[in-house]
Amino acid sequence: MSQSGGREFEVATGDQARETTELFNAFHDGFIRRLTILSHDVFEDIASHRVTGPLDLEIEFAHYNYNWGEPPAERRIQARFTGVRNLLIAFTGSEPDWPITNFEMDEVDGGGSCEARLLQPRYADGEWSHAEAMSFSFESSVFRELPDDPTTLAP
């Protein structure tokens, strides 16, 4: 069994965004293992708060459905997005809604930043549909394959 991980992919342009989305098969059938929002705000003194603006966002995806069967199940990909704005999250917490249908990234019209959208399945009123569960714009990002966790791999 091979250990994998360590590849990094930078995203700062529409072409890089689309290439990374394609490489990871849009994270189809994966899920979010961890989501971290990082603010750069600080308290300078009592009652003195300096608001710095854009956030950083880290998403750790659990994913296997790329490279056409090479990675083992429970592969982890960490994505760190900088300069995040317009962050909207609508996770239901319902088990059937949790897998990722599609994670799309592209350049925002006018250039200078990119946007991301995460689609998840929704089952309501006896029918399945796809819902935008998360969206945001960002300045740049880095996707990094994390080393395989031997405790989650089959013998």
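Only a predicted model underlies this, so the values are computations on that prediction, with no experimental measurement involved. (Residues numbered from 1 in each chain as written. Predicted model: local features only at pLDDT ≥ 70, side-chain atom pairs only at ≥ 80, totals over all residues. Heavy atoms only, no water.)

**Focus: the overall build of the protein chain**
So, point 1. Each helix and strand in the protein chain was counted, giving one helix and 10 strands.
So, point 2. Each helix and strand of the protein chain, ordered N terminal to C terminal, gives the series β-α-β-β-β-β-β-β-β-β-β.
So, point 3. In the protein chain, buried positions account for 36% of the 155 residues.
So, point 4. Restricting the contact set of the protein chain to residue pairs at least 6 apart, pairs at least 24 apart contribute 63%.
So, point 5. Surface summary for the protein chain: the accessible area is close to 8,900 Å², and the carbon and sulfur share equals 50%. (Helix = DSSP H or I, 4+ residues; strand = E, 2+ residues; numbered from the N terminus. Buried < 20%, exposed > 50% of the residue type's maximum accessible area, 1.4 Å probe, protein only. Contact = heavy atoms within 4.5 Å. Areas by Shrake-Rupley, 256 points an atom, 1.4 Å probe, with all protein chains shown as cover.)

**Considering the pairing of strand 8 (residues 114-124)**
So, point 1. Here strand 7 (residues 102-107) pairs with strand 8 via six bridges, running antiparallel. Counterpart to E107 in the pairing with strand 8 is C114.
So, point 2. Hairpin connection of strand 7 to strand 8: six residues between the antiparallel strands, including G110 at a positive phi of 95 degrees.
So, point 3. Across 11 bridges, strand 8 lies against strand 9 (residues 127-138) in antiparallel orientation. Looking at strand 9, one finds that P121 is bridged to H130.
So, point 4. Taken together, strand 8 and the strand that follows it, strand 9, pair antiparallel across an intervening segment of two residues, in which D125 is found at a positive phi of about 55 degrees. (Pairing = 2+ DSSP bridges.)

**Focus: the environment of L55**
So, point 1. Here L55 lies in strand 5 (residues 55-63).
So, point 2. For L55 and F81, which are 26 residues apart along the polypeptide, the C-alpha to C-alpha distance reads 8.5 Å.
So, point 3. Leaving out residues up to four positions away in the same chain, L55 has contacts with I37, L38, S39, F81, T82, G83, V84 and L87.

**Quick word on unusual backbone geometry**
So, point 1. Even without being glycine, N86 reaches a positive phi, approximately 55 degrees.
So, point 2. Structurally, N86 is set in strand 6 (residues 75-89).
So, point 3. The backbone of D125 shows a phi angle near 55 degrees, a positive value even though the residue is not glycine.
So, point 4. Using a relative accessible area of 81% as the deciding quantity, one classes D125 as exposed.

**Points about the pairing of strand 9**
So, point 1. Relative to strand 9, strand 6 runs antiparallel, the two being bridged by three bridges. Paired with L88 across the strands is S135, a residue of strand 9.

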